[in-house]
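# Summary of structural features
Listed below are the residues making up each chain.
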Amino acid sequence: MTRQAAAVVVAGGRGVRAGGQIPKQYRTVGGIPVIRSSLSLFAEHPEIGAVQPVIHGDDTELFAGATTGLRLQPSVPGGDTRQGSVRAGLEALAPLRPDIVLVHDAARPFASPALISRAVAAAAKTRAAVPGLAVTDTVKTTDVAGRVAATLDRTRLVTVQTPQAFDFALLYDAHRRAADAGRQDFTDDAALAEWAGIPVTVFEGETRNVKLTTEDDFARAEAEHLLRAADIRTGAGFDVHVFGEGDHVMLGGIRIPHTCGVIGHSDADVALHALTDAVLGALADGDIGQHFPPSDPQWRGASSDRFLAFACERVRARKGLIANLDVTIVCEAPRVGPHRDAMRARIAAIAGVAVDRVAVKATTSEQLGFTGRREGLVAMATATIRLPWVAP
Ligand code: MG
């Protein structure tokens, strides 16, 4: 019989040590909230059937914003301590009757799928297991005066991480016993299991599976993400629309009053269409017409910001970054200059990047050709993105 594994991901802490305006688990690394990365690890893992987030009661909105589209159990509020939060997660999972439960800290977003598989296998074998790393530094204890008191035998020392993995019923029972005994202070589930008399085994952890705690940890994680995003790609986009009846044009997401309008299936924003194709081109992921067919009535009159947002979301889904977006608009009129900064700000907001990564340029075609005859307008765009390097 296949054993069913579930995961509890605890994110109830306030994370004050990392500084910042919001709890650390909602801060981003590489543009992705830490909690989203941690939850995705389990939600996308084939051996995990249910993922139970435990969050702080004040974070409901932050949580909803960070986790859209993930396959999760409804979040539950945590307790006053980590131990209380884990117990709340176990209680929420209990009706599903999982065989195995993995308990993970939301502040560890870099665990690999292989580590999760090892955790499931270890719990199936020994009923209680934790990932550990050998200690390479020599470890000493000190007295109150700061003098060395003893040198420990490092061959017997391990540093312990999460996910910690247990037989579900065994851990749930141990948590209930600890709470009944008035214990609230266990900082990890292995310590609670040890208190309950359960033998805990150690399986191999991962050096990359760090816990983001301090401002330094975030800076290092951001730098490493950038190093990994070494697959730099550029895409090009081009679009034309014909002038027609109307009193305004949509250009770069901005409504500009004009002596005529623009004909198109959507709102006919050439700048956003060209940028969308540039981003899709950099991803080698089709074009705007393939993802939003003009034959589909749902895109009639559609605001084009959704096309660009969709393309940029596909970059983030591949753990990529948008390095820059650059668009050139060719027309005799309307004048683009007065709206340039508004367009840059709007494009940056749609794409989820800083405004200094967005360029909007304009030129005429010296009254030559169809743009010169004011029959239509043109946009050309490039996008540069960075994807994680994967060896070919
Ligand atoms: Mg178009």
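Below you will find a few notes about this structure.

Let us look at the sheet that holds strand β17 (residues 321-330). Whether parallel or antiparallel, the strands of a sheet pair through hydrogen bonds between backbone atoms. Spatially, five strands are ordered β16-β13-β19-β17-β18 in an open sheet, and the strand pairing comes out mixed. The two strands at the open ends of the sheet, each matched to only one other strand, are β16 (261-263) and β18 (358-363). Neighbour to neighbour, the strand axes of the sheet diverge by 30° on average, direction disregarded. Relative to the sheet, helix α8 (residues 270-283) contacts β13 (231-244), β17 and β19 (376-387), its axis offset from that of β13 by approximately 155°. Packing against the sheet, helix α11 (residues 340-351) makes contact with β17 and β18, and its axis sits at approximately 140° to β18.

Taken together, Asp239 (OD), Asp239 (OD), His241 (NE2) and His273 (ND1) make up the protein donors of the magnesium ion, found 2.2 to 2.8 Å from the metal. For the magnesium ion, the donor residues sit on a single chain with the sequence spacing D-x1-H-x31-H. With aspartate 239 in strand β13 and histidine 273 in helix α8, the pair connects residues that are 34 residues apart, well separated along the chain. Judged by relative accessible area, which is 7%, histidine 273 ranks as buried.

A word on unusual backbone geometry. Trans peptide bonds make up most of the peptide bonds, and negative phi angles are found at most residues other than glycine. Here the residue pair threonine 162 and proline 163 is connected by a cis peptide bond, since its omega of 10° sits within 30 degrees of zero. Position of proline 163 among the secondary structure elements: in the loop between β10 (158-160) and β11 (164-167). A cis amide bond, omega 0°, links alanine 333 with the succeeding residue proline 334. Mapped onto the elements, proline 334 comes out in the loop between β17 and α11. A positive phi angle is found at arginine 374, which is not glycine, with a value near 60°. Looking at the secondary structure, you find arginine 374 in the loop between α12 (369-372) and β19. For arginine 374, a relative accessible area of 51% puts it in the exposed group.

In total, this model carries 17 salt bridges according to the counting rule given. Here aspartate 143 makes a salt bridge to arginine 147, at a shortest N to O gap of 3.6 Å. In this structure aspartate 143 comes out as partly exposed when scored by relative accessible area, which is 32%. The exposure class assigned to arginine 147 is exposed, which follows from its relative accessible area of 56%. As a salt-bridge pair, aspartate 305 and arginine 346 come within 2.8 Å of each other at their nearest N and O atoms. A residue pair is termed long-range when its members are at least 10 positions apart, and aspartate 305 in helix α10 (residues 305-317) and arginine 346 in helix α11 qualify at 41 residues. A residue is classified by how much of its surface remains accessible, and aspartate 305, at 22% relative accessible area, is partly exposed. Salt bridges sharing common partners tie together Arg82, Asp105, Asp189 and Lys211.

Before going further, it helps to examine the packing of α10 against α11. Their axes nearest at 8 Å, the elements α10 and α11 cross at an angle of 50°. With respect to α11, the axis of α10 lies oblique. Residues Asp305, Leu308, Ala309, Cys312 and Arg316 of α10 touch α11, and the partners they reach there are Arg346, Ile347, Ile350 and Ala351. Tallied by class, the residues present in the contact of α10 with α11 amount to six nonpolar, no polar and three charged.

Here α10 spans 18 Å end to end across 13 residues, near enough to the 18 Å set by a 1.5 Å rise per residue. By the burial criterion, the buried members of α10 are Phe307, Leu308, Ala311, Cys312 and Val315. Down the axis of α10, the buried side of the element spans an arc of 125°, and every buried residue falls inside it. Against the buried residues of α10 lie α8, α9 (288-291), β17, α11 and β19. Within two residues after α10, lysine 319 carries a phi angle of roughly 60°, on the positive side.

The rules behind each value
Residues numbered from 1 in each chain as written. Predicted model: local features only at pLDDT ≥ 70, side-chain atom pairs only at ≥ 80, totals over all residues. Heavy atoms only, no water. Pairing = 2+ DSSP bridges. Helix = DSSP H or I, 4+ residues; strand = E, 2+ residues; numbered from the N terminus. Axes fitted to C-alpha atoms, helices over the stretch in contact; angles between N-to-C directions. Contact = heavy atoms within 4.5 Å. Donors = N, O, S within 2.8 Å, 3.2 Å for Na, K, Ca; no water. Buried < 20%, exposed > 50% of the residue type's maximum accessible area, 1.4 Å probe, protein only. Salt bridge = Lys/Arg side-chain N within 4 Å of Asp/Glu carboxyl O. Parallel < 35°, antiparallel > 145°, perpendicular 65-115°, else oblique. Nonpolar A, V, L, I, M, F, W, Y, C, P; charged D, E, K, R; others polar. Expected span 1.5 Å × (residues − 1). Arc of directions from axis to C-beta.

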